[in-house]
Amino acid sequence: MTAKLTLPQARRIALAAQGLAKERPTRPVTARQVGRTFARVQLLQIDSVNVLVRSHYLPFFSRLGPYDAAIVDRLAGRAPRRLMEYWAHEACYVRPESFADLRVWQRRQWVGAAGLDPLLRRDLEQRILQVLQSSRPLTARQVAARIGHEEDVPKLEWGWNWNAVKRVLEALFEQGVVSAAGRTAQFERLYAPTARVLPPDQDPLRLPDREEAMLRLVEAAAAAHGIGSVRCLADYFRVPVQAAARAAASLAAQGKLEEVEVQGWPGPRYLHPAAARPRRASGRALLSPFDSLVFERRRLQQLFGFHYRIEIYTPAARRRYGYYVLPFLLGEAVCARVDLKADRAAGLLLVRGAYAEPAAPVETAVELARELDLLAQWLGLGGIAVEDRGGLAPALAAALGERLQRPAAAAELALPEASLP
């Protein structure tokens, strides 16, 4: 018989799988904890928007609280790497163990050299690979300078304005021939041959069987989700739905997934057998717009009743909530959202809008104030300024009280020296 779960049970399973069901640790966060958290969620989406903080740093704060963000840079930029960049849900940090499986399924040719003259492309590939083989990791600009490539690129309002060298590098990145050995302070990729980025026990030339790779990716997505539909599982690593459906059915036949029904969440769902089933969820977190809990917007609405769309690319006059809006998780409910900006020059965390969901609990403003105060401290911002925009803003400002716009020097947060495991 197919097992049946209630929607609250499924919700708590999903939160536990993502490491968001419990209160965060009070002790200083170690590199080992960061590594374990990453192993749990499997990937971190990368985005260039830095209005608050780079998006790949936020999921660790959401799950662990204040920590030294340099840990993430070291895990991704020093051998043996625990994180490496590749295409997954979008541009992501992924586990090196997943790289070969993703490589046989990802097809993001639109980001690379499509449309370049074939002779120019082959010539640039040869010269780029020759330079990278004999040098330290380089940015696209450094590679272009090394090979003597000069090009006038139109400065368009939209788009990346990439020159041919950058486009070829991105094509080689998509193919898995080169990888990112790290990032500069300006967030530029430092390119290197993939063999130098992967851990020594990983073969950069290995191309696994596609169906076996899909089984591993779907099982990993199920572990990260705890419970979900085929669409959820496919979307996690952004793989084809039909192939993911075949893999999920095969995993269920092997006993590695369990097909269940969830009341109020139509359709069959797959439960990972190792998924925890907590009786309550007591976490509190602000979630990045690119957090893996909110990746799949349909899942978010069906599971939590929370309708969410990021409005970065929406013209300002048409935005409903704001430019960089973070959902607020309290217990097992996503009960509010806030539009945030870090004004580093003024030392302020700006709350440009605050909105509660219709069924938000009475303590939402107080709990959100505590979370914002913790976030401001982590970012080294000394004060919080709340604009009168959104129905939750007045209560939030009152809850923050004397913490509003306090001197920047008062927000120094001592972070422990973090050492890699």
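Check the entry above for the structure.
Note that the coordinates shown come from a computational prediction; the quantities given were computed from them, not determined experimentally. (Residues numbered from 1 in each chain as written. Predicted model: local features only at pLDDT ≥ 70, side-chain atom pairs only at ≥ 80, totals over all residues. Heavy atoms only, no water.)

Counting secondary structure elements, the protein chain contains 15 helices and 14 strands. In terms of overall size, the protein chain behaves like a compact globule, its C-alpha atoms giving a radius of gyration of 22 Å where 421 residues would be expected to give roughly 22 Å. Overall size of the protein chain, expressed as C-alpha extent along the three principal axes, is 65 × 60 × 45 Å. In the protein chain, which comprises 421 residues, the proportion classed as buried is 54%. In the protein chain, of all internal contacts separated by at least 6 residues, the share reaching a separation of at least 24 is 66%. Summing over all exposed atoms, the protein chain offers an accessible surface of approximately 19,400 Å²; the carbon and sulfur share of this is 50%. The distance from the centre of the 58 positive side-chain charges to the centre of the 44 negative ones in the protein chain is 2 Å. (Helix = DSSP H or I, 4+ residues; strand = E, 2+ residues; numbered from the N terminus. Rg over C-alpha atoms; globule rule 2.2 N^0.38 Å. Buried < 20%, exposed > 50% of the residue type's maximum accessible area, 1.4 Å probe, protein only. Contact = heavy atoms within 4.5 Å. Areas by Shrake-Rupley, 256 points an atom, 1.4 Å probe, with all protein chains shown as cover. Lys, Arg positive; Asp, Glu negative; His and termini not counted. Charge placed at Lys NZ, Arg CZ, Asp CG, Glu CD.)

Throughout the structure, instances matching the rule amount to 9 aromatic pairs. Ring geometry for Phe-60 and Tyr-67: centres 5.9 Å apart, planes at 65 degrees, overall edge-to-face. Take Phe-60 and Tyr-67: they sit in the same class, and that class is buried. Their ring planes at 75 degrees and their centres at 5.0 Å tell us that Tyr-86 and Phe-99 sit as a pair that is edge-to-face. Residue Tyr-86 is found in strand β3 (residues 84-87), and its partner Phe-99 is found in helix α5 (residues 96-103); the two are separated by 13 residues along the sequence. Residue Tyr-86 is classed as buried on the basis of its relative accessible area, which comes to 1%. Assessed through its relative accessible area of 2%, Phe-99 is described here as buried. Here the guanidinium or amino end of Arg-189 rests over the ring plane of Phe-173, the centre of that ring lying 4.0 Å away. Its end group placed over the ring of Tyr-321, Arg-337 keeps NZ or CZ at 4.2 Å from the ring centre. (Phe/Tyr/Trp six-rings, centres within 6.5 Å; stacked < 30°, edge-to-face > 60°. Lys NZ or Arg CZ within 6 Å of the ring centre and 35° of its normal.)

Structurally, Val-143 is set in helix α7 (residues 140-147). Sequence separation between Val-143 and Ile-128 is 15 residues, and the spatial gap between their C-alpha atoms is 6.8 Å. Beyond its immediate stretch of four places on either side in the chain, Val-143 contacts Ile-128, Leu-132, Leu-138, Val-165 and Leu-169.

Spatially, the 3 strands line up as an open sheet ordered β2-β4-β3, and their pairing is antiparallel. Both edges of this open sheet fall to β2 (43-45) and β3, since each of them pairs with a single strand only. When the angles between neighbouring strand axes are averaged without regard to direction, this sheet yields 35 degrees. Of the pairings in the sheet, the one linking β3 to strand β4 (residues 91-94) comprises 4 bridges and is antiparallel in character. Looking at the pairing, Glu-85 lines up with Tyr-93 of β4. (Pairing = 2+ DSSP bridges. Axes fitted to C-alpha atoms, helices over the stretch in contact; angles between N-to-C directions.)

Another aspect to go through is the sheet that holds strand β10 (residues 284-286). Here 5 strands make up an open sheet; going across it, the order is β10-β11-β12-β13-β14 and the pairing mixed. Each edge of the open sheet carries a strand with a single partner, namely β10 and β14 (383-386). Between one strand axis and the next, the sheet turns by 30 degrees as a mean value, whatever way the strands run. With 4 bridges connecting them, strand β13 (residues 348-356) and β14 associate as parallel partners.

Attention now goes to unusual backbone geometry. Residues apart from glycine generally show negative phi values, whereas peptide bonds are mostly found in trans. The peptide bond linking Ala-79 to Pro-80 adopts the cis configuration, its omega dihedral lying at -10 degrees. Within the fold, Pro-80 resides in the loop between α4 (70-77) and β3. Positive phi is not limited to glycine here, since Gln-42 has a value of about 80 degrees. Mapped onto the elements of the fold, Gln-42 is located in the loop between α2 (31-41) and β2. With a phi close to 55 degrees, Arg-238 is a non-glycine residue in the positive phi region.

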